[in-house]
Amino acid sequence: MKKILKKPEIISGMAAIALYFAAGIVLFVHLGRLPDQDLIIRFNSAEGIKALGGRMDFVMLFITSGAIAGINFFLARELFFKERVLSMLLLWGSGLLALFTLIAMGLIVSIN
């Protein structure tokens, strides 16, 4: 594990995942301000509202994305000494997943 933590690419990928969880906690603080039901999940400027949901859908978005990022992290850790390129791709993919999830969650909070 010490050899893995010496790589700046691994540290930056892990930092992206940690920032994801920190920002998710901040968004959960705003969860109390959201309505219980009829939460706008998906909309289109041409057609209007396309999908409604509740607070649980918002929470499940965060949990699902966190589970995928966690699985990618453990796979990257196991594959680090065998396939470094795949390990880096998994970590950076988790960072992008975290970024896109935070954008989606921020959009849901700002719309409602």
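Up top you'll find the structure we're talking about.
Residues numbered from 1 in each chain as written. Predicted model: local features only at pLDDT ≥ 70, side-chain atom pairs only at ≥ 80, totals over all residues. Heavy atoms only, no water.

Chemist: What exactly am I supposed to notice about the overall build of the protein here?
Modeler: Looking only at helices and strands, the protein features 4 helices and 2 strands. In sequence order, the protein lays out its α and β elements as α-α-β-β-α-α. Taken across its 112 residues, the protein has 29% of its residues classed as buried. Here the analysis covers contacts within the protein between residues at least 6 apart in sequence; of these, 62% occur between residues at least 24 apart. Looking at the protein as shown, the accessible area adds up to about 7,200 Å², and 69% of this sits on carbon and sulfur atoms. (Helix = DSSP H or I, 4+ residues; strand = E, 2+ residues; numbered from the N terminus. Buried < 20%, exposed > 50% of the residue type's maximum accessible area, 1.4 Å probe, protein only. Contact = heavy atoms within 4.5 Å. Areas by Shrake-Rupley, 256 points an atom, 1.4 Å probe, with all protein chains shown as cover.)

Chemist: Before we go on, may I ask you to explain the packing of aromatic side chains in this structure?
Modeler: For any pair of aromatic rings, the description rests on two quantities: the centre-to-centre distance and the angle between the ring planes. Under the criterion given, the structure shown has 1 aromatic pair. Relative to F74, the ring of F73 lies with its centre 5.4 Å away and its plane at 65 degrees, an arrangement referred to as edge-to-face. (Phe/Tyr/Trp six-rings, centres within 6.5 Å; stacked < 30°, edge-to-face > 60°.)

Chemist: Any chance you could explain helix α4 (residues 84-111) here in plain terms?
Modeler: Residues three or four positions apart in an α-helix share a direction because the helix packs 3.6 residues into each turn. Given a rise of 1.5 Å per residue, 28 residues ought to cover 40 Å, and the 41 Å separating the end C-alpha atoms of α4 matches this to within 8%. Of all the residues in α4, the buried ones are S87, M88, L90, L91, S94, G95, A98, T101, M105 and I108. (Expected span 1.5 Å × (residues − 1).)

Chemist: I'm lost on the packing of helix α3 (residues 55-79) against α4 in this one. Help?
Modeler: The packing of two helices is summarised by the inter-axis angle and the distance between the axes. One can describe the packing of α3 onto α4 by two numbers: an axis separation of 8 Å at closest approach and a directional angle of 170 degrees. Considered as vectors, α3 and α4 are oriented roughly antiparallel to each other. Residues F58, L61, F62, S65, I68, A69, N72, F73, L75, A76 and L79 of α3 form the contact with α4, whose participating residues are R84, L86, S87, L90, L91, S94, L97, T101, A104, M105, I108 and V109. Split into classes, the residues belonging to the contact of α3 with α4 amount to 17 nonpolar, 5 polar and 1 charged. (Axes fitted to C-alpha atoms, helices over the stretch in contact; angles between N-to-C directions. Parallel < 35°, antiparallel > 145°, perpendicular 65-115°, else oblique. Nonpolar A, V, L, I, M, F, W, Y, C, P; charged D, E, K, R; others polar.)

Chemist: I keep staring at α3 and nothing clicks. Help me out?
Modeler: Along its 25 residues, α3 runs 36 Å from first to last C-alpha, staying within 8% of the 36 Å computed at 1.5 Å per residue. Listed as buried for α3 are F58, V59, F62, S65, G66, A69, N72, F73 and A76.

Chemist: Just to check I follow, could you spell out the nonpolar core for this structure?
Modeler: Nonpolar side chains in soluble globular proteins tend to end up buried together. Among the nonpolar cores identified, the biggest contains 10 residues, and these are Y20, L27, L31, L39, F58, V59, F62, A98, M105 and I108. When residues of this core are traced back to their parent elements, those giving at least two are α2 (8-29), α3 and α4. Ranked by size, the runner-up nonpolar core spans 5 residues in total, among them I17, F73, L90 and L91. (Core = buried A, V, L, I, M, F, W, Y, C linked by side-chain atoms within 4.5 Å.)

Chemist: Whenever I open this one, the side chain of S94 confuses me. Can you help?
Modeler: Of note, S94 is situated in helix α4. A relative accessible area of 0% places S94 in the buried class. Excluding residues that lie within four positions of it along the chain, S94 makes contacts with I17, A69 and N72.

Chemist: Whenever I open this one, a nonpolar patch on the surface confuses me. Can you help?
Modeler: Taken together, the side chains of F43, I49, L52, L107 and I111 make up a nonpolar region of the molecular surface, amounting to roughly 460 Å² of accessible area. Elements with a minimum of two residues in the nonpolar patch: β2 (48-53) and α4. (Patch = residues over 30% accessible without salt bridge, like charges linked within 9 Å, V, L, I, M, F, W, Y side chains within 5 Å. Salt bridge = Lys/Arg side-chain N within 4 Å of Asp/Glu carboxyl O.)

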